[in-house]
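Coordinate inspection notes
Chain residues, written in single-letter form:
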Amino acid sequence: AFLRTIASPPTLPLRDGQAAGPAREGISRMKGAYQIDITKVRPDPKQPRRVFDELELENLTASIVERGIMQPVRVWHVEGEGLYQLISGERRYRAALAAGLSDLPCIIENAPTSGEPPPRREILVDQVVENWQREDLNPYDLSDALKELRDVHGISQEQISRLTGKPKSEISRFLAMQRVV
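Described in the following lines is the structure provided in the data block.

Basis of the calculations
- Residues numbered from 1 in each chain as written.
- Predicted model: local features only at pLDDT ≥ 70, side-chain atom pairs only at ≥ 80, totals over all residues.
- Heavy atoms only, no water.
- Helix = DSSP H or I, 4+ residues; strand = E, 2+ residues; numbered from the N terminus.
- Buried < 20%, exposed > 50% of the residue type's maximum accessible area, 1.4 Å probe, protein only.
- Polar contact = N/O pair within 3.5 Å; in protein donor to acceptor, adjacent residues only side chain to side chain.
- Contact = heavy atoms within 4.5 Å.
- Core = buried A, V, L, I, M, F, W, Y, C linked by side-chain atoms within 4.5 Å.
- Expected span 1.5 Å × (residues − 1).

Let us now look at the side chain of Ser 143. Checked against the element boundaries, Ser 143 lands in helix α4 (residues 139-151). For Ser 143, a relative accessible area of 1% puts it in the buried group. There is a polar contact of 2.8 Å between the side chain of Ser 143 and the backbone oxygen of Phe 174. Excluding residues within four positions of it along the chain, Ser 143 makes contact with Phe 174, Leu 175, Met 177 and Gln 178.

So, in structure tokens, the structure goes:
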């Protein structure tokens with residue numbers, strides 16, 4: 001058998017001053033990624049995930065010690081307090097604390113121009129989607145978060161289905177887990 005080797009073009013390093021060329025084709029710089037002092041970051045007290053598996057956190061901590069954080073967390077700036085509150089990435093945040101990191105890579109989401117926090121419903125939808133996609137969110141925590149989206153924020157099951165990319169039947173199944181009081 002004859003195997004033909006195809007030489008790939010050399011990879012050129014990206015440099016901030018580089019205006020054009022093969023290394024810049026099809027890419028653009030993202031705004032809002034920063035290293036933030038970890039003491040200026042706090043978890044969201046309303047995070048839908050209530051249970052954090054200790055063994056998984058230990059494994060993530062060990063990975064962070066060895067390789068660092070591979071994906072920034074998402075935060076928003078709490079104007080009056082000079083802090084950043086997590087939108088997503090609390091497991092990474094907890095593992096970074098356990099690993100003794102002093103800085104945390106963060107993508108800062110813009111708060112509305114009013115200076116008010118981003119709408120809770122938008123944050124909650126993002127948190128539900130991110131956690132649900134991992135498929136390890138406690139089903140009762142997920143049920144509670146979906147109920148909040150429906151009852152507190154007025155989002156229909158059909159809208160939740162569209163926003164999360166999950167079938168309406170699955171939304172209904174999790175909402176059926178709610179206790180009738």
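Next up on the list: the nonpolar core. Ranked by size, the top nonpolar core spans 14 residues in total, and within it Val 41, Val 75, Leu 104 and Cys 106 carry the most contacts. For this core, the secondary structure elements donating two or more residues are β3 (73-78), β4 (83-88), α2 (90-99) and β5 (103-109). Considering each element in turn, this core owes the most residues, 3 residues, to α2. Not counting residues within four places of it along the chain, the set of residues in contact with Leu 104 comprises Tyr 34, Gln 35, Ile 36, Ile 38, Val 41, Ile 69, Val 73, Tyr 93 and Ala 96. Core analysis: the next-biggest nonpolar cluster, separate from the first, contains 13 residues, Leu 142, Ala 145, Leu 146 and Ile 171 among them.

The next point concerns α4. Think of an α-helix as 3.6 residues a turn; residues three or four steps apart then line up on the same face. Compared with the 18 Å implied by 1.5 Å per residue over 13 residues, the 18 Å span of α4 between its first and last C-alpha is a close match. Listing the buried residues of α4 in full gives Asp 141, Leu 142, Ser 143, Ala 145, Leu 146 and Leu 149.

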